[in-house]
Amino acid sequence: MSEILELKNITQFFYQGENKIQVLNNINFEIKTANKIAIMGSSGSGKSSLLNIASLMEVPKSGNISILGNNALKISDQKKAIIRRSSIGYLHQRNPLLAEFNAFENIYISLLINNYNKIYAKEKTQELLKIVGMQNRSKHMPSSLSGGEQQRVAIARALSNNPEILVADEPTGNLDNANSKKIINELINISNENNTALLLATHDEFVAEKMDIVYQLEDGSLKKIK
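The structure presented is a predicted model; accordingly, all values stated were derived computationally and were not measured.

(A) Local environment of the side chain of Ser55. With respect to the helices and strands, the residue Ser55 is situated in the loop between helix 1 (47-54) and strand 4 (62-67). Among the polar contacts listed, one links the side chain of Ser55 to the backbone oxygen of Asn52, at a separation of 3.4 Å. The contact partners of Ser55, leaving out residues within four places of it in the chain, are Arg84, Ile88, Tyr90 and Val167.

Right under this line is the structure:
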C-alpha cells in the first residue's frame, strides 16, 4: 500500500484573550491506500481540528504535512485547493445539502463546479446514487429525506471527485443506531471497492471497531489503541 498522507509533529493552539488553548500536541500518524482509521475523543478534544489539518483546510502552528508526495506547508493555496478538489472527499457531521436542490442536483452541481462536463456529471451522479442506494429518491428535496438518506446523498457527493482519501467528521453523530450501521457499512464497502482511504472522527465505539486502526485523542495527544 502506498502512503497518501503523513502528519509529523503537528501542533495546533489558539488564544482566547490571553489564554492559550493547546489543541494538538506533537501529533504523528500516516494513512496508506485503503486504510480505515478512526480518531476517537470527547467533544472538544481536537478531532475536528485534526481532520481539518489532514484535509488541508486548516494550517497547524508547527509540524509537517505530506500528502500525495507534496509538502502541504510549502505549496500555494491554489495547489492545496486543487488537491482537495481532486483527491480529498470531506463528509461533515451536519451535511450541508443545498436545500433548494434535490438529491440528484446536489451531486450533479458539485461535479459541474469541479469542471466535469454535463454528460459525465449526469452519468456519474446516477452511478453514485446507485452506490449509496438512493437512485429511487433522486428527485426528492433534502427536506423530504430522512437524516440517514441525507447522509447517503452527502456521501455520494463527497465521493464525486473519486477521492483517494475520504475524511468524515462524526458521520453518524446525528443518526440512530440502525442508520449509523448502514452508513458505516457503506463507507467500508466504498473504501474496499475503490481502494479509498477512510479517516473519520467518532465517539461511537461500534464505528471504531469497524476500522483497521483506532487512535484516542486526549489532552492534545494521540495514542494508538488498535
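(B) Highlighting the packing of aromatic side chains. Taken as a whole and assessed by the stated rule, the structure comprises 4 aromatic pairs. Taking the centre distance of 5.6 Å and the plane angle of 50 degrees together, the rings of Phe29 and Tyr215 count as tilted. One end of the pair, Phe29, is in strand 2 (residues 19-32); the other, Tyr215, is in strand 9 (residues 213-218), with 186 residues separating them in the sequence. Residue Phe29 shares its accessibility class with Tyr215, and that shared class is buried. Directly above the ring of Phe13 sits Lys20, whose terminal nitrogen or CZ lies 4.2 Å from the centroid. Above the plane of the ring of Phe206 lies Lys181, whose end atom (NZ or CZ) is 5.5 Å from the centre.

(C) Molecular detail of the sheet that holds strand 5 (residues 70-71). If you walk across this open sheet you meet the 4 strands as 2-1-4-5, and the pairing is antiparallel. Edge positions in the sheet fall to strand 2 and strand 5, since each of these pairs with one other strand and no more. With 2 bridges connecting them, strand 4 and strand 5 associate as antiparallel partners. Its bridge partner being in strand 5, Ile67 is matched across the sheet by Asn70. Across the face of the sheet, helix 1 comes into contact with strand 1 (3-16), strand 2 and strand 4 while running at roughly 55 degrees to strand 2.

(D) The nonpolar core, seen in detail. In terms of nonpolar packing, the biggest core is built from 35 residues, with Ile107, Val153, Ile155, Ile184, Leu187, Leu200 and Met211 touching the most fellow members. Secondary structure elements with two or more residues in this core: strand 3 (36-40), helix 3 (103-113), helix 4 (118-131), helix 5 (147-158), strand 7 (165-169), helix 6 (177-194), strand 8 (197-202) and helix 7 (205-209). Not counting residues within four places of it along the chain, the set of residues in contact with Ile184 comprises Pro171, Thr172, Leu200, Val207, Lys210 and Met211.

Calculation criteria
Residues numbered from 1 in each chain as written. Predicted model: local features only at pLDDT ≥ 70, side-chain atom pairs only at ≥ 80, totals over all residues. Heavy atoms only, no water. Helix = DSSP H or I, 4+ residues; strand = E, 2+ residues; numbered from the N terminus. Polar contact = N/O pair within 3.5 Å; in protein donor to acceptor, adjacent residues only side chain to side chain. Contact = heavy atoms within 4.5 Å. Phe/Tyr/Trp six-rings, centres within 6.5 Å; stacked < 30°, edge-to-face > 60°. Buried < 20%, exposed > 50% of the residue type's maximum accessible area, 1.4 Å probe, protein only. Lys NZ or Arg CZ within 6 Å of the ring centre and 35° of its normal. Pairing = 2+ DSSP bridges. Axes fitted to C-alpha atoms, helices over the stretch in contact; angles between N-to-C directions. Core = buried A, V, L, I, M, F, W, Y, C linked by side-chain atoms within 4.5 Å.

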